[in-house]
Amino acid sequence: MTTTEDSRTGTIETIDAVPEIAPEAAHPSHPGPLETAQVQLARAVEQLGIDKGMHAMLATPRREMNVAIPLRRDDGSTELFHGYRVQHNITRGPGKGGLRYSPSVDIDEVRALAMWMTWKCAIVELPYGGAKGGVSIDPRHYSTGELERVTRRYTSEIMPMIGPERDIMAPDVGTDDRTMAWIMDTYSVNKGYTIPAVVTGKPIDVGGSLGRATATSRGVVHSARAALREIGQDLPDVSVAVQGFGKVGSHASAFFAEGGARVEAVSDQYGGVYRRGGLDLPRLLDHVHRTGSVVDFSESEPIDNDALLTLDVDVLVPAAVEGVLTGDNAEHVRARLVVEGANGPTTAAADRVLTRRGVTIVPDILANAGGVVVSYFEWVQAQQAYWWTEAEIEQRLEQRMLQAYGSVAEMARREDVTLRDAAMLIGVKRVATAHRTRGLYP
Ligand code: NAD
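Procedures and definitions
Residues numbered from 1 in each chain as written. Predicted model: local features only at pLDDT ≥ 70, side-chain atom pairs only at ≥ 80, totals over all residues. Heavy atoms only, no water. Helix = DSSP H or I, 4+ residues; strand = E, 2+ residues; numbered from the N terminus. Expected span 1.5 Å × (residues − 1). Buried < 20%, exposed > 50% of the residue type's maximum accessible area, 1.4 Å probe, protein only. Axes fitted to C-alpha atoms, helices over the stretch in contact; angles between N-to-C directions. Left-handed = near helix turned anticlockwise from the far one by under 90°. Contact = heavy atoms within 4.5 Å. Nonpolar A, V, L, I, M, F, W, Y, C, P; charged D, E, K, R; others polar. Near = heavy atom within 4 Å. Polar contact = N/O pair within 3.5 Å; in protein donor to acceptor, adjacent residues only side chain to side chain. Core = buried A, V, L, I, M, F, W, Y, C linked by side-chain atoms within 4.5 Å. Pairing = 2+ DSSP bridges. Phe/Tyr/Trp six-rings, centres within 6.5 Å; stacked < 30°, edge-to-face > 60°. Lys NZ or Arg CZ within 6 Å of the ring centre and 35° of its normal. pLDDT = per-residue confidence, 0-100. Parallel < 35°, antiparallel > 145°, perpendicular 65-115°, else oblique.

Chemist: Account for helix α1 (residues 33-48), naming residues and giving values.
Modeler: Its 16 residues give α1 an end-to-end C-alpha distance of 23 Å, which sits within 8% of 22 Å, the value for a rise of 1.5 Å per residue. With 13 of 16 residues buried, α1 lies mostly within the body of the structure. Two residues or fewer after α1 comes Gly-49, characterised by a positive phi angle close to 70°.

Chemist: I'd like a description of the packing of α1 against helix α3 (residues 107-123), backed by residues and values.
Modeler: At a minimum axis distance of 7 Å, the contact between α1 and α3 shows a crossing angle of 35°. Crossing hand, α1 versus α3: left-handed. Between α1 and α3, the residues in contact are Pro-33, Leu-34, Thr-36, Ala-37, Gln-38, Gln-40 and Leu-41 and Asp-108, Glu-109, Arg-111, Ala-112, Met-115, Trp-116 and Trp-119, respectively. Its residues assigned to classes, the contact of α1 with α3 shows eight nonpolar, three polar and three charged.

Chemist: Can you lay out the site of the ligand for me, pointing to particular residues and giving the numbers?
Modeler: For the ligand, the set of nearby residues contains 23 residues, the closest of which are Asp-172, Thr-216, Lys-247, Val-248 and Asn-343. At 3.4 Å from an oxygen atom of the ligand is found a main-chain nitrogen or oxygen belonging to Gly-341. When residues of the shell around the ligand are traced back to their parent elements, those giving at least two are α6 (212-230) and α7 (247-258). Per-class residue counts for the shell around the ligand are eight nonpolar, 10 polar and five charged.

Chemist: Give me the lowdown on the nonpolar core, citing residues and values where you can.
Modeler: Ranked by size, the top nonpolar core spans 87 residues in total, and within it Trp-119, Phe-256 and Leu-284 carry the most contacts. Every residue in contact with Phe-256, bar those within four places of it in the chain, is listed here: Val-220, Val-221, Ala-224, Leu-235, Val-240, Ala-261, Val-263 and Val-317. One finds Tyr-142, Met-161, Met-180 and Trp-182 within the second-largest nonpolar core, a separate group that totals 25 residues.

Chemist: Pulling in residues and values, what's your account of the sheet that holds strand β4 (residues 130-135)?
Modeler: The strands making up a sheet associate through backbone hydrogen bonding, with each pair oriented either parallel or antiparallel. Spatial strand order, β1-β2-β4-β3-β5: five strands in an open sheet with mixed pairing. The open sheet has two free edges, formed respectively by β1 (63-72) and β5 (167-171), since each of these has just one partner strand. Along the sheet, successive strands turn relative to each other by an average axial angle of 20°, direction set aside. Where strand β3 (residues 95-101) lies against β5, five bridges are found, and the strand directions are parallel. Considered in β5, the bridge of Gly-98 is made with Ala-170.

Chemist: Can you tell me about helix α13 (residues 390-415), naming the residues and giving the values?
Modeler: Taking 1.5 Å as the rise per residue, α13 with 26 residues should run 38 Å; its terminal C-alpha atoms sit 37 Å apart, in good agreement. Every buried residue of α13 is accounted for by Ile-393, Leu-397, Met-401, Ala-404, Tyr-405, Val-408, Ala-409, Met-411, Ala-412 and Glu-415. Phi turns positive, to about 55°, at Asp-416, one or two residues after α13.

Chemist: Go over the environment of Leu-325, please, and point to the residues and values.
Modeler: Mapped onto the elements, Leu-325 comes out in the loop between β10 (315-318) and β11 (337-339). Beyond its immediate chain neighbours, meaning those up to four positions away, Leu-325 contacts Leu-309, Leu-316, Pro-318, Val-333, Val-338, Pro-345, Thr-346, Thr-347, Ala-350 and Leu-354.

Chemist: Before we move on, can you summarise the packing of aromatic side chains with the specific residues and values?
Modeler: Inspection of every chain in the model, using the stated rule, returns six aromatic pairs. Both rings, one in Tyr-128 and one in Trp-379, keep their centres 5.1 Å apart while their planes meet at 65°; by these two values the pair is edge-to-face. Of this pair, Tyr-128 sits in the loop between α3 and β4 while Trp-379 sits in helix α12 (residues 370-384); the two residues are 251 residues apart in sequence, bridging distant segments of the chain. Classification of Tyr-128 by relative accessible area gives buried; the value is 0%. Geometrically, the ring pair formed by Phe-377 and Trp-388 is tilted, given 5.1 Å between the ring centres and 50° between the ring planes. On the criterion of sequence distance, the pair formed by Phe-377 in helix α12 and Trp-388 in the loop between α12 and α13 is long-range, its members being 11 residues apart. Assessed through its relative accessible area of 12%, Trp-388 is described here as buried. Through successive ring pairs, a cluster of aromatic residues spans Tyr-128, Tyr-376, Phe-377, Trp-379 and Trp-388. When the ring centre of Trp-388 is taken as origin, the NZ or CZ atom of Arg-396, which lies over that ring, is 4.2 Å away.

Chemist: Hey, could you go over the confidence of the model for the chain for me, with residue numbers and the actual values?
Modeler: With 93% of its residues at a pLDDT of 70 or more, the chain shows a mean pLDDT of 94. Every residue in residues 1-28 is under pLDDT 50, and counting partners more than four places away or in other chains gives 55 contacts.

Chemist: Could you give me a rundown of unusual backbone geometry, with the residues and numbers involved?
Modeler: At the junction of Tyr-441 and Pro-442, the peptide bond is cis and its omega measures out at 0° in the coordinates. Relative to the elements of secondary structure, Pro-442 occurs in the segment after α14 (419-438). Not every positive phi belongs to a glycine, and Asp-296 is a case in point at roughly 70°. Within the fold, Asp-296 resides in the loop between α8 (281-291) and β9 (301-303). Positive phi, close to 50°, is recorded for Ala-385, a residue that is not glycine. If you trace the backbone, Ala-385 turns up in the loop between α12 and α13. On the basis of relative accessible area, Ala-385 is assigned to the exposed category, the value being 58%.

Chemist: If you had to explain the packing of α1 against helix α2 (residues 52-59) to someone new, which residues and values would you point to?
Modeler: With their axes 11 Å apart at the nearest point, α1 and α2 run at an angle of 150° to one another. Considering the angle they form, α1 stands roughly antiparallel to α2. Helix-helix and strand crossings are classified by hand; for α1 and α2 the assignment is right-handed. Contacts between α1 and α2 involve Gln-38, Leu-41, Ala-42 and Val-45 on the former and, on the latter, His-55, Leu-58 and Ala-59. Counted by class, the contact of α1 with α2 contains five nonpolar, two polar and no charged residues.

Right, here's the structure in full:
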């Protein structure tokens, strides 16, 4: 492909801390999310002809905070958790990115997720950089009061880093709108006045946006539909499997079904359910609200998470966690289209295998960008104290998603690369250009 960047980076050539690339070779069977993210960046850097100094800047988080979070438990004992906030890049605007509560959270996972946010915000042309936060806690084992105390303590520890002009959090795995309300309240009480724009994904009654709760899922379905149109198909022509039945996966399943697709399998961390010809989504959602899991839904057969990924369906939507599609199981994926609802579900090795096998992947930094797009709308509304209708939000979301998909698909055709490579080329180039335009201080 052609080299589309010049390398007028001047003084930043002196930075020499480029991380070792090709890390997947170091952990061939279990590359972590940071390795996957660094491999993706290294490919884009090479294709764009970006020099070593700029690569080092793009590969390295701008700011990180590592905090200890002591929790006073309901029984009077004390337990300590580790929390993180990483601002990968703040060159195009404030940091933007979710907060994750999961036992798997560590600094490298948060770094990877923050880096993906940087490219994602650039691809959908939001005036944000990329950030992410996490606490290594399994929220299922703690009471509401305990989770509130963890959230408020975490917020107060990272207070110097966050703010509507600095870094804006949103829900991710294991957190929700209530978590955002606690953060907003803790931040506002400490500042002395109400500051809704410090978080997005808040409840509507404290300044949340209509359409935010379903935005990521709508975006997943918009991008799936756009990818299907390229091969002359639409939702009623396809069967779908969705891994993860949380905030992203459950709404995406419902929207796929509403659009006429047959959603044949869904799963969560406890197991999965399958029904040839399509699951009855309203009844399944009712079952999940009652029991907390998709497991044991009466009108279906059980299926495990591994089998779901290789099911004979047209569209596969990984919408749970990172690294589920690996070099091994990618050989057996039968879907023709993978739409990444989750962040980082496909390792670099799986990416190569799927591409070789002709499977189209709509990458996370494009497919799940609907959430941050409506988070941006929420932030704009909060700053202006002027609220849009749900119809306005959904129409603007669809427009942004289709526009971003169109630019990525056009780049992929022009440069003869995958949608992921094309999305990375667009995102990385926009961020590198912003660095060059601003220049390097001092
Ligand atoms: P969530 O906590 O609401 O749901 C996660 C779901 O995945 C749950 O159903 C859980 O049971 C399931 N799960 C967890 N581990 C699993 C495993 N090993 N195998 C199968 N299922 C498993 O989280 P969410 O907000 O829906 O986020 C899901 C993914 O989407 C994450 O990668 C997140 O970063 C990404 N994402 C979320 C948003 C958002 O707006 N919430 C936006 C963009 C991307």
